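Coordinates in review
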Amino acid sequence: MASCLFLLICLSAFASAYSGTYPVVALSSEPSSILESLPASFENSYSPLHYIANDDDICSHNAVIIVEHPGVHASDLRSLAPSSSLARRFTDSFTRNYPYVPTDSYLDSASHLTPMASQCGFRTITFTPGAKVTFDLDYKHLVYLKMPLLSSSGGARRKLMNHHGEILSIELDNLASIFPDHIVIYTGIPSSSEITKRQESISHSPSRMAVAQGGILKRYQLLTPGLISALLIVLFILLPVVLFGTSALASIKSPLKGDYAKGYNAREKKVQ
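No experiment lies behind these values; they were computed from the predicted model shown. (Residues numbered from 1 in each chain as written. Predicted model: local features only at pLDDT ≥ 70, side-chain atom pairs only at ≥ 80, totals over all residues. Heavy atoms only, no water.)

**Quick notes on the UniProt feature "transmembrane region" (unreviewed entry) in the protein**
Those residues carrying the UniProt feature "transmembrane region" (unreviewed entry) are residues 227-252 in this numbering. Helix makes up 92% of residues 227-252 and strand 0%, whereas the separation of the span's terminal C-alpha atoms amounts to 37 Å. (UniProt positions renumbered as here; feature names shortened; annotations may be inferred. Helix = DSSP H or I, 4+ residues; strand = E, 2+ residues; numbered from the N terminus.)

Here's what the structure looks like:
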């Protein structure tokens, strides 16, 4: 029981180690060389949008759909019901998932889309779910779909995420019917406070990005307040309780002893 509780506390504490990241999911309507050429992970200031926007094959698609979902984290994507349409999309074979893209990369992501749209002759359209939009099918499009903010916590947050997933699936189905050959980039949006903090950190520490590429111990803050609290609980509460219980059990002695009473003679007892 104590070990299970310790494991749960540690897992909850490690969740904050990825607070400086946001998820990105790239998917296409058919096999795409763009997705196949993406790196396995992102450990620098470049986001998946940087690689996609600079790929020569991006202009071959009829539409590039950017879904921006503020407040979403990788854990929210994992909380989607497996039977939901959005969960099936995100596990499709033509999909690349990047759950922990550094917040730093978001600062430079949008700057690559405008030149790409101009080079490919894309028309840029921005709308929110439920809005009526008219597309000119004589042109290719760069579509920005702005999802509502994902807030709240616990069960209410999971319920809201599944609701957003249903709305997004409907919009993607409508866009797929208009643009059969398309590529979708679903991305979370870091909060403005996180972006501001990262900008200040970069401006005050020019060598930060060089240091950040040294692995998980340099990339993430593992000794978070939550983890420190968990360690204190284990060391000063759970561990003493376990040791006290073990000591108490070990001190229990059987009342049956092999010693005979004083003055007892086995030979005399036998003769009687």
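**Here we look at the nonpolar core**
Counting residues in hydrophobic clusters, the biggest one holds 25 residues, and the most contacted among them are V67, F90, L168 and Y186. Sorting the residues of this core by element identifies β1 (21-28), β2 (63-70), α5 (85-90), β4 (122-127), β5 (140-146), α7 (154-178) and β6 (182-189) as the ones contributing at least two each. At four residues, α7 tops the list of elements feeding residues into this core. Excluding residues that lie within four positions of it along the chain, Y186 makes contacts with P23, V24, V25, V67, H69, V72, L77, F90, M161 and L168. Listed in part, the 24 residues of the second largest apolar core include Y22, A26, I52 and I185. (Core = buried A, V, L, I, M, F, W, Y, C linked by side-chain atoms within 4.5 Å. Buried < 20%, exposed > 50% of the residue type's maximum accessible area, 1.4 Å probe, protein only. Contact = heavy atoms within 4.5 Å.)

**Notes on the side chain of N162**
By the element assignment, N162 lies in helix α7. There is a polar contact of 2.7 Å between the side chain of N162 and the backbone oxygen of R158. (Polar contact = N/O pair within 3.5 Å; in protein donor to acceptor, adjacent residues only side chain to side chain.)

**Looking at the state of the cysteines**
Inspection of the entire model under this criterion finds one disulfide. There is a disulfide in this structure between C59 and C120, and the S-S distance comes to 1.8 Å. Taking the sign of the torsion about the S-S bond as the criterion, the disulfide between C59 and C120, at about -65°, is left-handed. In this pair, C59 is assigned in the loop between α3 (48-53) and β2 and C120 in helix α6 (residues 113-120), connecting sequence segments 61 residues apart. A relative accessible area of 14% places C120 in the buried class. (Disulfide = S-S within 2.5 Å.)

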